[in-house]
Amino acid sequence: MTENRPDERAVAATVRDITERIAETCAKCGRDPADVRLMAVTKTVEAARVNEAIGAGVRLLGENRAQELLSKYDDYRKDGVEIHFIGHLQTNKVRQIADKVTMIQSLDSLPLAREIEKQCAKLGKKMDCLVEVNIGSELTKSGVSPEALPEFLEEVSSVGGICVRGLMSIPPVCENDLERERYFSSLYKLFVDIGQKKIDNISMDFLSMGMSDDYLLAIKHGSSLVRIGTALFGRRAYAGHQ
């Protein structure tokens, strides 16, 4: 269920506004706007609303839940559109989504990497993945801790069915931009350091960080993929959603 939604005619204007904000921020920090991808996060958003965003030019969707993706997949206007899985992924759900997504942004364990390899082998494909980093080392969040990241990358580099293409993170809730900047800066440093190590089967092409309330700040700190839900579709009510 969605509340405070933009009306249908406003979706295109909202996409334009977000795109312009991204371009302006890139210009201020000397980046090419083409290097920053806009993802529409579709959690609890019905397919018709998502299709409005696609019609307005959005070409990348982010799905949080396997069951929700399955329920909406056939109704999406998918021509020219990529779908990434961005939520916590259980190994027993990989089979359901492997043929429907082009990237999994929430790789956080070796068993998950091996299950992705297993399911993709059946499809004759490799899966692009981002490693999810628990940048705040929060006990309630999934993701690889910064301290464990080097060892984890060495382990997954030998898994043949996946290609690690970068990092993803959701920083802790912060009281101000200075706190957010500290986390974004730390993640960007990891991103650069890993890229310089040139580990086999590990490349740092994408840094996925920044959401509706902080995506412009994330871009200033090197994000190349921003995940926008609320700013695009309006605030959503999650209570009772399965």
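Heads up: these notes are all about the structure in this document. Note that this is a predicted model, so its numbers are computed, not measured.

Quick word on empty space enclosed by the protein
- Summed over the entire model, instances satisfying the criterion amount to 1 cavity of 30 Å³ or more.
- Here the largest cavity is characterised by a volume of approximately 50 Å³.
- Around the largest cavity sit Glu132, Val133, Asn134, Ile135, Gly136, Glu138, Lys141, Ser142, Ser169, Ile170, Pro171 and Pro172, which together line it.
- The residue makeup of the lining of the largest cavity, split by class, is 5 nonpolar, 4 polar and 3 charged.

Things to note about the nonpolar core
- Core analysis: the biggest nonpolar cluster contains 67 residues, and Leu107, Ile116 and Leu167 have the highest contact counts within it.
- Considering each element in turn, this core owes the most residues, 6 residues, to helix α7 (residues 177-197).
- Among residues more than four places away in sequence, those in contact with Ile116 are Val94, Ile104, Leu107, Met127, Cys129 and Ile162.
- Counting residues in hydrophobic clusters, the runner-up holds 5 residues, among them Met39, Val41, Leu60 and Leu225.

Notes on unusual backbone geometry
- A positive phi angle, close to 55°, is found at Lys198, a residue other than glycine.
- Relative to the helices and strands, Lys198 resides in the loop between α7 and β7 (202-208).
- In this structure, Asn201 is a non-glycine residue whose phi angle is positive, near 70°.
- Assignment of secondary structure puts Asn201 in the loop between α7 and β7.
- Taking the relative accessible area as the measure of exposure, Asn201 reaches 28% and is therefore partly exposed.

Thresholds applied
- Residues numbered from 1 in each chain as written.
- Predicted model: local features only at pLDDT ≥ 70, side-chain atom pairs only at ≥ 80, totals over all residues.
- Heavy atoms only, no water.
- 1 Å grid on protein atoms, 1.4 Å probe; cavity = no way out; pocket = protein on both sides within 12 Å on 5 of 7 lines; lining within 4 Å.
- Points joined across faces, edges and corners; volume = space filled by probe spheres on them.
- Nonpolar A, V, L, I, M, F, W, Y, C, P; charged D, E, K, R; others polar.
- Core = buried A, V, L, I, M, F, W, Y, C linked by side-chain atoms within 4.5 Å.
- Buried < 20%, exposed > 50% of the residue type's maximum accessible area, 1.4 Å probe, protein only.
- Helix = DSSP H or I, 4+ residues; strand = E, 2+ residues; numbered from the N terminus.
- Contact = heavy atoms within 4.5 Å.

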